[in-house]
Amino acid sequence: MLAFLHIPKCGGTTLLHVLRRNFGLRHLDLIARDRRGMLYRADEFRDVIRRQPHIASVAAHALRPASRLERYADNVQYLTLLRNPVERFISDFKHLGPPLATTAEFRRWLDTSGDAEEACNLQTRFLTGSDDLQVACQT
């Protein structure tokens, strides 16, 4: 089973479309029950697999290796796309900020926006649940 960890602004939407197109009804987009915790848990996955044992591909923003899907499915292969962190950060700003933003607006966003702080180290946090780069490199 493929388990796609979809990190925002890393090109994952294209891969998500490929998975949906290739696996059809055997692909499932997962939504975590706890949206604030942003971690799809193994017990949630267990319930899905019991109802839909034919699933061959899953994807979610809330998937992490810590989700431990392999407890309930055979041969789970985790997959994600990473992007240059600076380019991903700027893309996040363009997505959240005003269209055709100026350099001054970007600097103001960096200084005043909680979104900017949340966007820092996002790829590391998505992989590990923390800002620890060493743990992310081992994942």
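Caption draft 1: Structural context of the overall build of the protein chain. What the protein chain contains, in helices and strands, is seven helices and four strands. The secondary structure elements of the protein chain, listed N-terminal to C-terminal, are β-α-β-α-β-β-α-α-α-α-α. Counting every position in the protein chain, which comprises 139 residues, the buried fraction comes to 37%. Contacts in the protein chain between residues far apart in sequence, at least 24 positions, make up 63% of those at least 6 positions apart. By element, 52% of the accessible surface of the protein chain is carried by carbon and sulfur atoms, the whole surface being about 8800 Å².

Caption draft 2: Main features of the side chain of Ser57. Relative to the helices and strands, Ser57 resides in strand S3 (residues 57-60). The exposure class of Ser57 is buried, given its relative accessible area of 0%. A polar atom in the side chain of Ser57 sits 2.8 Å from the side chain of His27. Not counting chain neighbours up to four residues away, the residues in contact with Ser57 comprise Met1, Leu2, Leu19, Phe23, Arg26, His27 and Leu28.

Caption draft 3: Geometry of the pattern of salt bridges. A full pass over the atoms with the stated rule returns four salt bridges. Taking the shortest distance from any N to any O, the salt bridge between Glu44 and Arg41 comes out at 4.0 Å. When its relative accessible area of 2% is taken as the criterion, Glu44 is described as buried. Note that Asp47 and Arg46 form a salt bridge whose closest N and O atoms lie 3.4 Å from each other. According to the relative accessible area criterion, Asp47 is buried, its value standing at 18%. You can call Arg46 partly exposed: its relative accessible area is 24%. Connected via shared salt-bridge partners are Arg41, Asp43 and Glu44.

Caption draft 4: Highlighting the packing of aromatic side chains. Taken as a whole and assessed by the stated rule, the structure comprises zero aromatic pairs. In this structure, Arg64 is placed above the aromatic ring of Phe126, and the distance from its NZ or CZ to the ring centre is 4.5 Å.

What counts as what
Residues numbered from 1 in each chain as written. Predicted model: local features only at pLDDT ≥ 70, side-chain atom pairs only at ≥ 80, totals over all residues. Heavy atoms only, no water. Helix = DSSP H or I, 4+ residues; strand = E, 2+ residues; numbered from the N terminus. Buried < 20%, exposed > 50% of the residue type's maximum accessible area, 1.4 Å probe, protein only. Contact = heavy atoms within 4.5 Å. Areas by Shrake-Rupley, 256 points an atom, 1.4 Å probe, with all protein chains shown as cover. Polar contact = N/O pair within 3.5 Å; in protein donor to acceptor, adjacent residues only side chain to side chain. Salt bridge = Lys/Arg side-chain N within 4 Å of Asp/Glu carboxyl O. Phe/Tyr/Trp six-rings, centres within 6.5 Å; stacked < 30°, edge-to-face > 60°. Lys NZ or Arg CZ within 6 Å of the ring centre and 35° of its normal.

Function cannot be inferred from these measures alone, as they are strictly geometric.
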